[in-house]
Amino acid sequence: SALRLDIYAFLCHRLSYLRRPTTIPWEALRGQFGSTLGKDKNGRARFKQEFERNLREVLLLYRQANVESTRSGLVLRPSPTSVPARRHRALPSS
């Protein structure tokens, strides 16, 4: 799904440079992921449920991601990247 791809890309980017635990509030996540769910209490709760359901699917593939869903938001902790970094080869000198 598009949301799963967005969550995966978000985690890959954020976790690649994270140095300390960071909490992203649910309201900020809802704004960032462009949810069309209403701004009322029910809409916010449905966004959180949908996001958590899709996050569980993403974490099946990105097992190294150290994230936790809490009442206040998504807690991100420093984690290895999902794809190992490639070493750059030196260009031959002429």
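In this text the structure is predicted, and so the values were computed from the model without any measurement. (Residues numbered from 1 in each chain as written. Predicted model: local features only at pLDDT ≥ 70, side-chain atom pairs only at ≥ 80, totals over all residues. Heavy atoms only, no water.)

**Focus: the overall build of the chain**
Defined as follows: Helix and strand assignments follow DSSP, with helices taken as H or I runs no shorter than four residues and strands as E runs no shorter than two, numbered in order from the N terminus. Any residue under 20% of the maximum accessible area for its type is buried, any over 50% is exposed, and the rest in between are partly exposed; the area is computed with a 1.4 Å probe on protein chains only. Throughout, a contact is declared for two residues whenever any of their heavy atoms are within 4.5 Å. Here the positive residues are Lys and Arg and the negative ones are Asp and Glu; neither His nor the chain ends is included. We put the charge of a Lys on NZ, of an Arg on CZ, of an Asp on CG and of a Glu on CD.
Across its full length, the chain holds three helices and three strands. The buried share among the 94 residues of the chain stands at 32%. Relative to all contacts within the chain whose residues are 6 or more apart in sequence, the contacts with residues 24 or more apart total 57%. Across the chain, 18 positive and 7 negative side-chain charges occur, with their mean positions spaced 8 Å apart.

**Things to note about the environment of Arg86**
Locating Arg86 in the fold gives a position in the segment after strand S3 (73-77). Relative accessible area serves as the criterion here: at 75%, Arg86 is assigned to the exposed category. When the C-alpha positions of Arg86 and Leu29 are compared, they lie 30 Å apart, and in sequence the two are 57 residues distant.

**Points about the packing of aromatic side chains**
Applied cut-off: Pairing of aromatic rings covers Phe, Tyr and Trp, the last counted by its six-membered ring, and requires centre-to-centre distances within 6.5 Å; plane angles under 30 degrees mean stacked, over 60 mean edge-to-face, and any other angle means tilted.
Across all of its chains, the model carries six aromatic pairs by this definition. Ring centres of Trp26 and Phe47 lie 6.4 Å apart, and the angle between their planes is 75°; on these two criteria the pair is classed as edge-to-face. Separated by 21 residues along the polypeptide, Trp26 in helix H2 (residues 26-32) and Phe47 in helix H3 (residues 41-61) bring together distant segments of the chain. On the basis of relative accessibility, which here comes to 4%, the residue Phe47 falls in the buried class. On the basis of an interplanar angle of 80° and a centroid distance of 5.7 Å, the ring pair of Trp26 and Phe51 is categorised as edge-to-face. Of this pair, Trp26 sits in helix H2 while Phe51 is found in helix H3, placing the two residues 25 residues apart along the sequence. These aromatic residues form a ring-pair network of at least three members: Phe10, Trp26, Phe33, Phe47 and Phe51.

**Considerations on the nonpolar core**
What counts here: Here, nonpolar core refers to any group of buried Ala, Val, Leu, Ile, Met, Phe, Trp, Tyr and Cys residues whose side-chain atoms link them within 4.5 Å.
Judged by nonpolar contacts, the single largest core of 19 residues is most densely connected at Leu11, Leu29, Phe51 and Leu76. At the level of elements, helix H1 (2-17), H2, H3 and S3 are the ones that each hand at least two residues to this core. It is H1 that contributes the most residues to this core, five residues altogether.

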